[in-house]
Structures are given as structure tokens and as C-alpha cells.
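Residue strings, one per chain:
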Amino acid sequence: MKSHPDRRLIDHLEGVKRRSLEKFRSLDLSWEELFGYDENVLEEFVSLLSESHDVGKSTIYFQKHLSGERVERSLSAHALFSAVAFFHRSKNLPDKLRIFGFEIIRRHHGDFRNFLDIEIDEKVLEKQFSAIPEDFLRRYDLHDLKLSETIERIKRSISKFSILGKKDLSDYFLIHLFMSILVSSDREDVVFKSEPLPSLPSYEKEKILSYREKLGRKNQIDSLRWKFQEEILSFKPERGKIYSITAPTGIGKTIANLLFASHLADEDTIVIYALPFINIIEQTVDKIKEIFETESPFFVLPFHHLANPAYEEPDKYEDLLMNLWHSRVVVTTFVSLLESLITFRKIPFFYKFPKAVLILDEVQAIPHEYWTPVEKTVEFLSKMGTTVLLSTATKPALLKEALEVVSNKNVYFTALNRTVLKVEKEMSFEEYKEFVRETLKDGKRTLIITNTIREAEEIYDVVEGMGKTCFLSSRVIPKHRLEIVSKINEYDLCVSTQVVEAGVDISFERVIRDIAPVDSIVQAAGRCNRHFELEKGEVIVVPVRNERKNTLFSSYVYGSFLTETSMNVLKNHKFLEESEFFMLVEDFFSYVKTYGNPDKKGIGKALENLNFKKIGEFSLIEPEPTVPFIVLVDEEAQRVFEEFAEIFSGKRSRENFSLVKSLFRELSPYIVSARIKRDLPFPHTIAGMMVIHRNVLDKWYHPVKGLRVEGSDEVIII
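A quick note: this is a predicted structure, and the numbers were derived from the prediction, not measured.

Draft legend 1. Structural view of the confidence of the model for the protein chain. With 94% of its residues at a pLDDT of at least 70, the protein chain reaches an overall mean of 90. Contacts from residues 711–718, a stretch scored under 50 in pLDDT, to residues over four places away or in other chains number 35 contacts.

This is how it looks when you write it as C-alpha cells:
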């Protein structure tokens with residue numbers, strides 16, 4: 001009997017069991033303290049879990065299906081019978097572990113959406129049970145299985161636990177940890193069989209130090225960066241603690257974060273580097289590749305839906321190794337990270353967290369409505385052994401008890417007193433346009449940041465003739481955005497949405513910013529006089545009102561609560577030095593913590609109650625009804641698209657699926673999303689995406705402002 005076309009079933013079960021036990025034994029956890037069960041009990045649990053997970057493949061129905069015969073799908077399915085087999089074999093385990101094991105195996109090809117559902121088709125299971133060879137049943141202690149009695153016992157146990165069973169946060173993580181051990185071992189055995197995974201390169205601190213030496217100390221800010229990084233180097237973190245590096249923008253936190261990780265990065269450790277936006281992932285990956293002098297995805301792996309790492313054997317490695325996070329450094333977004341951790345889906349890489357260093361860069365970007373579930377998750381990870389680093393210029397009230405790495409952070413905020421913040425009175429949009437026009441007459445290089453695309457486009461029209469001007473928004477394809485940022489110093493003026501606020505190393509003499517939450521304003525200020533080019537830069541904040549709807553533009557993006565909080569915190573200030581920003585941010589987040597609702601969606605409570613259906617509603621970014629557009633602006637885009645379209649329209653196969661994914665990632669620099677009217681006459685459509693061919697570019701894509709669509713213009717999609 002086989003589990004897969006090239007693998008005997010008993011070899012697969014044994015291989016998955018061996019890998020699962022290796023993973024379990026490598027975790028040096030206080031099992032009883034964390035989960036309430038002795039290590040020996042949990043070792044038996046993982047042994048039975050892994051050995052039982054595919055026993056349902058022993059039916060004649062599955063074997064026929066595997067050989068290509070047509071078989072009724074319900075009969076060839078294997079997960080439910082395997083789960084029943086586990087429950088029968090686990091009589092010596094506590095009831096709660098038996099229920100969890102049943103659910104893990106039942107759902108190891110799906111998700112936990114219907115967790116603790118007791119609908120079981122007994123007739124199908126009876127047919128499957130009668131279609132398993134006797135010697136196999138004896139080998140796996142199933143010869144004495146009384147199916148009806150066992151199913152009835154399962155239903156009673158689940159019902160009792162659903163209503164009366166004690167549930168808490170540790171159960172949520174126990175379920176995901178053991179699902180992770182099982183699923184990762186299952187997938188590894190399918191691809192590698194008895195071979196070990198490829199070894200990972202080491203994390204060499206010397207490479208970071210060498211890179212830092214090459215940068216040198218050419219000016220005042222370089223010397224300050226050096227001093228700051230020396231503090232990180234001399235700090236000795238402990239595993240399983242939550243730390244914070246709070247320091248001003250432009251002081252070299254990326255290198256500092258990597259140096260912090262080097263204290264703990266031994267051969268079993270992975271470094272998880274999480275950032276707020278997808279548009280700064282690749283530049284961080286490129287920086288890490290440059291520092292560590294490597295292109296290998298086994299060292300640094302970008303993990304998001306557009307990532308396209310270059311493995312030497314993509315057919316064998318790509319999906320498996322990406323989804324297992326088999327890399328020394330994983331760079332991902334908060335969305336990918338947190339929606340993986342707070343989820344009803346499987347997390348194949350979760351078992352790696354107890355030994356990981358988790359860096360949350362620009363942590364203030366996490367919406368305050370989700371602080372409670374994020375805090376609960378991060379705090380439990382630290383109890384499991386994850387070392388967490390919050391890295392930010394504007395530390396929120398989130399995870400307030402984090403230990404500061406830098407002994408006197410105020411020294412750096414005081415020393416980097418590069419800008420002065422001016423707060424203007426509220427203006428209508430027409431008044432604001434006139435204000436911008438008058439302000440720019442002094443000729444200073446200025447960055448203007450708006451809250452909506454409509455604002456940005458109309459402001460661009462106002463200032464276009466006042467100097468060499470560029471434009472950035474999410475309607476401009478990523479390829480063009482990167483090109484503009486790479487030569488930003490050539491421009492006198494830049495009009496942009498918030499796409500420039502985090503992780504983009506640009507500097508202007510002046511920044512004009514529509515009102516926003518205080519942390520966003522401070523991020524915007526980080527694009528002004530960033531490298532001390534002037535004695536003092538100027539940041540001007542203006543609350544801009546959309547008179548048509550009688551509301552501030554800021555509320556479309558950030559909501560009324562954060563906008564009003566920012567207005568309240570700023571109302572008593574006309575001028576603020578950069579050295580005072582830190583206190584301003586503390587006031588802002590203190591107000592948010594006091595008057596906001598950090599568990600607005602009830603996800604924190606759902607984690608403790610194992611309400612997976614509710615947990616599944618967690619989404620860090622509210623989903624927008626948007627449509628992706630592929631904009632074929634050049635010959636390279638046309639070439640990749642034609643290859644993509646040909647393969648997508650051809651025969652469906654595993655190889656073609658892999659090629660389609662790879663080509664889609666190559667197309668990603670040409671894709672933007674936008675909300676559209678239902679009755680809009682669409683161009684060519686493929687795979688749910690609109691295709692803007694070169695012969696209609698004039699109608700659909702402006703060379704400066706990007707995608708042209710009719711419809712709502714109020715929400716920015718980053």
C-alpha cells in the first residue's frame with residue numbers, strides 16, 4: 001500500500017513519526033508549565049498523532065484513487081478515518097488531548113473553521129473500515145476497533161468539552177504547535193523521504209561588523225549611529241524576553257536590529273524580520289543580502305504573496321521550503337506574520353518560533369483595535385522561548401512592559417534634533433491648495449504627503465509648474481515607484497500618499513503633511529533633513545477638510561477616533577522640536593490605550609475560547625473591494641504576460657501551476673489595485689485581473705499619476 005505514488009504507506013507513517021519526534025525533542029520547553037501536561041504524555045501524543053495521521057490511506061478506495069481509478073470522493077478521503085483511528089489508539093491520553101489530536105488529524109489537509117463540529121458520516125467510515133486489510137489493522141492496533149462505540153464516544157467527548165470544558169490561550173497554541181509539527185513533518189517526508197533538509201548557512205556577526213566598518217564615520221550622524229550600534233553590541237539579551245529599541249528615524253535601526261539578533265542566532269535559531277508594508281520588504285531583503293554577502297534563499301527568504309526566491313531546484317524546493325520557513329532569516333509583513341499566527345489555518349512553520357528571534361520593525365503600524373490579540377500572542381510566544389524585539393521611533397502603548405535595550409534613548413532623540421514641527425489651523429481643500437502654492441514660493445525642496453489619492457492628484461496639478469516634480473501613490477505601478485524613489489534627489493518637489501512614510505530613505509528640506517495619527521506624522525518627519533543636510537528642517541501639519549462630505553480627509557484612512565485623538569494631542573502646540581516628538585507620541589498612545597478599544601473585534605477573547613470561526617475574522621488590513629490591474633507598460637511586461645497567459649490557459653498540472661506562480665511574481669511590479677464601479681467597461685481579463693494592453697495605455701494609465709479608473713477615490717491601498 002502507498003501513501004503517495006512513490007512512497008509506501010508504512011514508510012511514510014514511520015518517516016513522519018521520526019521527524020515529528022525529532023522536532024518535539026528538540027524543543028526545550030517547560031511543557032507542564034506552558035500546557036499543563038507532562039513531557040512524556042506529550043511525547044506519546046505526538047507519536048500517536050504522527051503515526052495515525054494517514055492510516056485512512058490503507059483503504060482499497062484510496063489505493064484505487066492513487067492508481068488513477070475513479071472512486072467516490074467520500075470513500076477515498078482519509079483524514080476522518082485516520083482521526084477516528086487516533087482516538088481509538090489514544091486511550092491512555094487525557095480526554096482533551098484525544099479531542100485535540102482527533103481535530104488536528106481530521107483537519108490536517110484543511111483548516112479549523114468548523115472546530116469541534118460533531119457531524120460524522122458513520123456509513124462511509126464503516127465502508128472504509130471494512131476495506132482495510134486485517135494485517136494492517138493489527139499492525140496499528142485497530143483490529144479491536146468498535147467503530148460505532150468509538151464514534152459515539154468521540155461525539156460525547158466533543159459535546160462535553162464544547163459546553164463544559166476548560167479552555168484557555170495555551171490550548172490555542174498547543175493545537176497550532178502540534179499541527180505544525182505534524183504538517184511540516186508530513187510535507188518534508190513527501191519531498192525528502194529519509195533525507196534531511198538542506199543545511200542552513202550560519203548567521204555571521206562579523207559580516208555585519210565588516211559592513212558597518214565600510215560605511216565609516218564621515219559626519220555627526222554617522223558617529224551617533226556608531227555609538228547607538230555599540231550599545232546594541234554590548235547588550236546581552238536573554239532568550240524568551242520581550243525587548244524594545246526605541247530610537248529616532250535615520251539612526252540605523254536595521255543594522256541595530258540585525259546586531260541584536262546576532263547575540264542569539266545559533267545553529268537552531270531563525271530570525272524573523274517583520275515590517276509593516278510589502279513595498280519595503282524587498283529593499284530590506286536586498287540590504288540583508290548586501291550585508292551578509294549572499295543571494296541564497298536558505299539565508300534570507302522574503303515571505304509574502306509576491307515573493308519569488310530563486311532556488312536552484314525550484315520544482316523540488318520552492319513551495320515546501322517557503323511554507324516551512326526553511327531559511328536563516330525570514331523577512332515578512334505584519335499582515336503575513338500576524339494573520340498566520342492569529343488564524344484558523346495551519347501554520348507549518350510555527351514549531352520554529354520557540355527558538356526564533358522575532359523583530360517587529362515599526363511596530364506602531366499595528367492598528368490599536370488589535371492590540372489585545374497581538375499582545376496575547378506575542379507574550380505567549382515569549383513564554384515558549386521566542387525572543388521578541390520591538391523596533392520603532394514611536395513606541396506605542398502596545399507591549400508596554402518590553403525591556404529597553406538602549407539605556408538612555410533620550411540622548412539620541414535630543415542629539416537628532418533635525419526638524420521643527422509647525423501645526424496650522426484647519427483648512428478647506430481649496431484653502432490648503434492655496435497655502436501649499438504660497439509656501440512653495442521660497443524654493444525649498446518639499447515633500448507633500450496627503451491622505452487620499454484624490455488629494456495627491458489635485459495637489460500635483462497645483463504644484464507641477466513650480467519645479468521638477470514627481471508623484472507617488474498606490475495607483476503608480478511598483479516598478480515606476482521604485483524608479484522614482486531611486487532618483488528622488490533629482491526632484492525639487494514630491495507629492496505622495498503615505499507610501500513614503502516607512503522604510504524609505506529619502507530626505508527633503510521641508511515636509512507638508514495632512515493631519516494623521518501622531519506616529520504617522522513623526523514617520524513623515526523622518527523624511528525631512530534625515531541626514532542633517534541643514535541645521536533645521538521644517539515639518540508643517542495641516543488638518544484638511546473635504547467640504548463636500550464635511551469631514552477631514554484623514555478620517556477616510558485612519559478613522560475618526562485616531563484623527564480626533566491626534567487633533568487633541570496637537571491642539572496645544574504651534575511649534576515642536578524633534579527632541580520633543582518622543583513625549584508627543586507617548587501622550588498620543590496613552591490616550592489611545594485609555595479611550596480606544598484594543599479588542600474591538602473580540603479576537604483576543606476568541607483565542608482564549610478556541611472560537612476558530614471568530615478568529616478567522618482577524619484581518620490586519622480591512623479588505624477592500626478592489627480589482628488588480630496588470631499594466632503592460634513596456635516590452636518586458638508584455639513578454640512575461642504572454643508567457644503567463646499561455647501557460648495559465650493551457651493544461652493544468654503541478655509543473656504549470658508552479659510556473660504560473662513564478663510568472664505572476666515577475667508580473668507583480670506591473671500590478672496595481674483599485675476600487676471600481678460595477679458598470680465600468682472592463683479591458684481584457686485573466687485570472688481575475690484586468691489587463692491594460694499597450695494600445696490602450698493612454699486611456700487607462702497616466703505616465704505620472706498611474707492607473708485611471710472611475711470610482712471611489714478616497715481610500716489608499718498600500
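Draft legend 2. Local environment of helix α7 (residues 95–106). For α7, with twelve residues, the first-to-last C-alpha span of 16 Å sits near the 16 Å given by 1.5 Å per residue. Of all the residues in α7, the buried ones are Lys 96, Leu 97, Arg 98, Ile 99, Phe 100, Gly 101, Phe 102, Glu 103, Ile 104, Ile 105 and Arg 106. In this structure, the buried residues of α7 make contact with α3 (39–52), α6 (79–89), α10 (147–164) and α11 (169–192).

Draft legend 3. Structural view of the packing of helix α23 (residues 518–525) against helix α24 (residues 554–570). For the pair α23 and α24, interaxial distance at closest approach is 9 Å and the crossing angle is 70°. Of the possible angle classes, the one that applies to α23 and α24 is roughly perpendicular. Listed contacts from α24 to Val 518, Ser 520 and Ile 521 of α23 are Tyr 558, Ser 566, Val 569 and Leu 570. Tallied by class, the residues present in the contact of α23 with α24 amount to five nonpolar, two polar and no charged.

Draft legend 4. Local environment of the sheet that holds strand β23 (residues 689–692). With mixed pairing, four strands are arranged side by side in an open sheet as β21-β20-β23-β22. The open sheet has two edge strands with one neighbour each: β21 (671–675) and β22 (684–686). On average, each strand axis in the sheet is tilted by 35° relative to the strand beside it, whichever way the strands run. Relative to β21, strand β20 (residues 626–631) runs antiparallel, the two being bridged by five bridges. Considered in β21, the bridge of Ile 630 is made with Ile 671.

Draft legend 5. How the structure looks around helix α18 (residues 371–384). With 14 residues, α18 extends 20 Å from end C-alpha to end C-alpha; this agrees with the ideal 20 Å at 1.5 Å per step. Taken as a whole, α18 has its buried residues at Trp 371, Thr 372, Pro 373, Val 374, Glu 375, Thr 377, Val 378, Phe 380, Leu 381, Ser 382 and Met 384. Looking at the residues trailing α18, positive phi occurs at Gly 385, about 115°.

Draft legend 6. Representation of the side chain of Thr 565. For Thr 565, the location among the structural elements is in helix α24. In this structure the side chain of Thr 565 is engaged in a polar contact, spanning 2.7 Å, whose partner is the backbone oxygen of Phe 561. Leave out the neighbours within four places in its chain, and Thr 565 touches Phe 588, Tyr 591 and Val 592.

Draft legend 7. Up close: the sheet that holds strand β10 (residues 419–423). Strand order in the open sheet made by the seven strands is β13-β14-β12-β15-β16-β10-β19, with mixed pairing throughout. Since the sheet does not close on itself, it has two edges, and those belong to β13 (469–472) and β19 (575–577), each with one partner. Each strand axis lies, on average, 15° off the axis of its neighbour in the sheet, ignoring direction.

Draft legend 8. Main features of a positive patch on the surface. Among the surface-exposed residues, Lys 91, Lys 146, Arg 153 and Arg 156 lie close enough to one another that they form a single positively charged patch. Counting through the fold element by element, Arg 153 comes out in helix α10.

Draft legend 9. Summary view of the nonpolar core. Leu 177, Phe 178, Tyr 203, Leu 337, Phe 353 and Leu 360 are the most contacted members of the largest nonpolar core, which totals 181 residues. A total of eleven residues in this core trace back to one element, the largest contributor, which is α11. Membership of the second largest hydrophobic core comes to 52 residues, among which are Met 427, Tyr 432, Val 672 and Ile 676.

Draft legend 10. Inspection of the side chain of Ser 58 at higher detail. Mapped onto the elements, Ser 58 comes out in the loop between α3 and α4 (60–66). Of the residues examined, Ser 58 reaches a relative accessible area of 1% and is grouped as buried. One polar contact links the side chain of Ser 58 to the main-chain carbonyl oxygen of Val 55, over a distance of 2.6 Å. Ser 58 has contacts with Met 1, Leu 9, Ala 131, Ile 132, Pro 133 and Phe 136, leaving out every residue within four places of it along the chain.

So, how was this worked out
Residues numbered from 1 in each chain as written. Predicted model: local features only at pLDDT ≥ 70, side-chain atom pairs only at ≥ 80, totals over all residues. Heavy atoms only, no water. pLDDT = per-residue confidence, 0-100. Contact = heavy atoms within 4.5 Å. Helix = DSSP H or I, 4+ residues; strand = E, 2+ residues; numbered from the N terminus. Expected span 1.5 Å × (residues − 1). Buried < 20%, exposed > 50% of the residue type's maximum accessible area, 1.4 Å probe, protein only. Axes fitted to C-alpha atoms, helices over the stretch in contact; angles between N-to-C directions. Parallel < 35°, antiparallel > 145°, perpendicular 65-115°, else oblique. Nonpolar A, V, L, I, M, F, W, Y, C, P; charged D, E, K, R; others polar. Pairing = 2+ DSSP bridges. Polar contact = N/O pair within 3.5 Å; in protein donor to acceptor, adjacent residues only side chain to side chain. Patch = residues over 30% accessible without salt bridge, like charges linked within 9 Å, V, L, I, M, F, W, Y side chains within 5 Å. Areas by Shrake-Rupley, 256 points an atom, 1.4 Å probe, with all protein chains shown as cover. Salt bridge = Lys/Arg side-chain N within 4 Å of Asp/Glu carboxyl O. Lys, Arg positive; Asp, Glu negative; His and termini not counted. Charge placed at Lys NZ, Arg CZ, Asp CG, Glu CD. Core = buried A, V, L, I, M, F, W, Y, C linked by side-chain atoms within 4.5 Å.

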